[in-house]
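Each chain, written out:
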Amino acid sequence: MGDDISNRSIVNDVGPRDGLQNQEKILTPSDRAALVRALLDAGMRHVEVGAFVSEKAVPAMAGTGEVLAALNDGQDARGRILTVLVPNVRGYELAVAAGAKSVCMVLYGSDGMAEANVKMSRQQAEAAAMEILDKARSQGVRVNCVLPGNVYAPMGDHPMEIRDLRRKAGVLGTEGTACDIAWAVVFLVSDEAKWVTGV
């Protein structure tokens, strides 16, 4: 078996970012850093600690730079990976300036998802992602790519014929089945996906 990436699974806890960004109570950066430390102490090796997004749009993510600073500049000395979400090139630049060594960027499955999340078309978001990948490669920054809405998302704008094909192909006759997810996993570990994942 060895340490071949194809024989490992990585669990990335996104709670300090995705779990907190829509909560009514906004935690201070020091409280968010304490949450991340608790996850690390519990044995998590990969944690998404925040996002470099508009503080006006997502107030709960204000101070992500402070969270990173409190957590040893984005990379825990015990080999754990601390990642921040970057929705665009500006977010990437802010993250790197704050000491991030690992970023997460989004590749959207539809224009609707891209527009709802970053107010860009899917093509614009892809162009920004390619620019981020180029910068990260030259700066030695780890990149994690996620593909939300590729199975099914309510804000997606997938054509009805594609949605019907998904329903017909799925074991349960619905969108977003385990079969869809299995196909996504098969793709992500394939040679074709290596340019996205970098492994």
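Residues numbered from 1 in each chain as written. Predicted model: local features only at pLDDT ≥ 70, side-chain atom pairs only at ≥ 80, totals over all residues. Heavy atoms only, no water.

Moving on: the pairing of strand S4 (residues 102-106). The buried count for S4 comes to five of five residues, which makes it a mostly enclosed element. Burial along S4 is two-sided: Ser-102, Cys-104 and Val-106 facing one way and Val-103 and Met-105 facing the other are all buried. Relative to S4, strand S3 (residues 81-85) runs parallel, the two being bridged by two bridges. If you follow Leu-85 over to S4, its bridge partner there is Cys-104. The parallel pair S3 and S4 is bridged by helix H4 (residues 89-97), and the resulting crossover is right-handed. (Buried < 20%, exposed > 50% of the residue type's maximum accessible area, 1.4 Å probe, protein only. Helix = DSSP H or I, 4+ residues; strand = E, 2+ residues; numbered from the N terminus. Pairing = 2+ DSSP bridges. Right-handed = clockwise from strand over helix to strand, strands pointing away.)

The next thing to look at is the side chain of Glu-48. Along the chain, Glu-48 turns up in strand S2 (residues 46-51). Separated by 2.5 Å, the side chains of Glu-48 and Arg-17 make a polar contact. If near-sequence neighbours (up to four positions away) are discounted, Glu-48 is found in contact with Asn-12, Asp-13, Val-14, Pro-16, Arg-17, Thr-83, Leu-85 and Cys-104. (Polar contact = N/O pair within 3.5 Å; in protein donor to acceptor, adjacent residues only side chain to side chain. Contact = heavy atoms within 4.5 Å.)

If you trace the backbone, Thr-64 turns up in helix H3 (residues 64-70). At 2.8 Å, the side chain of Thr-64 and the backbone oxygen of Met-61 are in polar contact. With sequence-adjacent residues up to four places away left out, Thr-64 is seen in contact with Arg-32, Gly-50, Ala-51, Phe-52 and Val-84.

If you look at the biggest cluster of nonpolar residues, it comprises 29 residues, and the most contacted ones within it are Val-47, Val-49, Val-84, Val-86, Val-103 and Met-105. Elements that contribute at least two residues to this core include exactly helix H2 (29-41), S2, H3, S3, H4, S4, helix H6 (122-139) and strand S5 (142-146). Filtering out sequence-adjacent residues up to four positions away, Val-86 remains in contact with Gly-91, Tyr-92, Ala-95, Val-103, Cys-104, Met-105 and Ile-132. Core analysis: the next-biggest nonpolar cluster, separate from the first, contains 14 residues, Ala-51, Val-58, Cys-104 and Tyr-108 among them. (Core = buried A, V, L, I, M, F, W, Y, C linked by side-chain atoms within 4.5 Å.)

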